[in-house]
Amino acid sequence: MSPREEIDLNAVRTIPVASRPTKVSIDQFAPAPDPDAPQGTLDRFLPDILTGSDLRTLIAAWTDAVRGRRAVIGMLGGHVIKTGVQRPFLSLIDGGAFTAIAMNGAAAIHDFEIAMWGNTSEPVEETLGSGRFGMVEETAVLMNRAVNEGANRGLGMGEALGRFLIDARAPHAELSLLAHAAGRSLPLTVHVAIGTDTIHQHASFDGARTGAATHRDFKILAASMRGLSGGAVLNFGSAVMMPEVFLKALSLVRNLGHEAGAFTAANFDQIRHYRPEKNILERPLKKGGKGLSFVGPHEIWIPILATLFLAKMRETAP
């Protein structure tokens, strides 16, 4: 072959455009915006492509699961609680969007502090150097007391914290997921690893009783996943703890022969993480179901989801 030899383009075989498969059609394009349209119709103004299509798929599966009385699990990481979305999330709870909620220890701390004092989230960089990070007294004393006393009464960690906030008449309990769930008898579980949360740094912390309480919550979460087939799982911002806990609870439920086959799973976070992608969207759905990944800020996604879910439930109400 000569170094100057060129391929002969005259021999190329072409096909008519009508027979070419394509992934994008103008039928999928978004309509022009309508500033006067109700906010609950936002999904109608999104393209039926990529995330726009996935969002419609999720809302449809989610509302179908609720109407069909299937399990719908909402899971939270700590950062979510710090983004100001309590009211939209509480509206989802009131609208019957979840049959159970699970969160990590950081989420529980932020929720508890918001309920008690109306603020949370200390600046780590400014306090770590002096050894003051996580050393506030009241949070640790009250939360550890609630967990310790709750464990003695046979309560899981989530219910113990929620009941404590209600009994203490926390000034901002109306903004607390923990208190709201406890008041509605909605399973809300808290899952911790010892040493991961600031309240573990204090003398009031009891590893044995915290371990018993969070283990009880693991079993409560697993029980709430019975009947997950046809249901939904939505993970908001937990990159490690909840994906790992969810995978083990799912294996336990399936091991015991409960119905937990194909379901719809969605992960919402600011970036894509390995464990949510694998442990929520891929591995559990090998035999059926749909895994959907949404990237973006929680302070944008959760209000949008709450609006669309509640509007869709109203549309389809008998």
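Up top is the structure these notes are about.
As a starting point, this report considers the structure included with it. By convention here, each chain's residues receive numbers from 1 onward along its written sequence. Confidence filtering applies because this is a predicted model: local features only for residues at pLDDT of at least 70, side-chain atom pairs given and counted only at 80 or more, and all residues used for totals across whole chains, interfaces and linings. Side-chain metrics rest on all non-hydrogen atoms present in the structure, leaving aside hydrogens and water.

## Points about the environment of Leu-188
For clarity, the cut-off: Put simply, DSSP marks the helices as runs of H or I at least four residues long and the strands as runs of E at least two long, and each gets a number from the N terminus on. Buried means the residue's accessible area, taken with a 1.4 Å probe over protein chains only, is under 20% of the maximum for its type, while exposed means over 50%, and partly exposed covers the values in between. The criterion used for residue contact is that any of the two residues' heavy atoms lie within 4.5 Å.
Topologically, Leu-188 is positioned in strand β3 (residues 188-191). For Leu-188, a relative accessible area of 7% puts it in the buried group. The sequence separation of Leu-188 and Ile-271 amounts to 83 residues, and the corresponding C-alpha distance is 26 Å. With residues near it in sequence (within four places) discarded, Leu-188 still touches Ile-101, Met-103, Gly-158, Glu-159, Leu-177, Leu-178, Ala-181 and Asp-217.

## Notes on the nonpolar core
The nonpolar side chains of soluble globular proteins are, as a tendency, buried together. Selection criterion: To qualify as a nonpolar core, a set must consist of buried Ala, Val, Leu, Ile, Met, Phe, Trp, Tyr and Cys residues joined through side-chain atoms within 4.5 Å.
Counting 63 residues, the largest nonpolar core has Trp-62, Phe-98, Leu-234 and Phe-236 as the members making the most contacts within it. Not counting residues up to four positions away in its chain, the partners in contact with Trp-62 are Val-72, Leu-92, Ala-97, Phe-98, Leu-234, Leu-305 and Phe-309. Among the nonpolar cores identified, the runner-up in size contains 22 residues, and Ala-102, Leu-221, Ala-249 and Phe-263 belong to it.

## A look at the side chain of Thr-214
Applicable threshold: Under the rule applied, a polar contact is a pair of N or O atoms within 3.5 Å (in protein, one hydrogen donor and one hydrogen acceptor; residues adjacent in sequence only if both atoms are side-chain atoms).
Relative to the elements of secondary structure, Thr-214 occurs in helix α9 (residues 207-224). Thr-214 sits in the buried class, given a relative accessible area of 12%. Among the polar contacts made by the side chain of Thr-214, one reaches the main-chain amide nitrogen of Val-192 at a distance of 3.2 Å. For Thr-214, the residues in contact, after removing those within four places along its chain, are Met-157, Val-190, His-191 and Val-192.

## As for the pattern of salt bridges
Cut-off, in case you're wondering: Salt bridge criterion: a side-chain nitrogen from Lys or Arg within 4 Å of a carboxyl oxygen from Asp or Glu.
All told, the structure shown has 12 salt bridges when counted by the stated rule. A salt bridge links Asp-94 to Arg-184, with the shortest nitrogen-to-oxygen separation between them at 3.2 Å. Taken together, the residues span a long stretch of sequence, with Asp-94 in helix α3 (residues 86-94) and Arg-184 in helix α8 (residues 177-184) at a distance of 90 residues. Judged by relative accessible area, Asp-94 falls into the partly exposed class, the value being 44%. Linking Glu-244 and Lys-248 is a salt bridge whose minimum nitrogen-to-oxygen distance equals 2.4 Å. Pair noted here: Glu-244 and Lys-248 are both in helix α10 (residues 241-255), with a separation of four residues, about one helical turn. By relative accessible area, Glu-244 is classed as partly exposed at 23%.

Distances and angles like these do not, on their own, reveal function.
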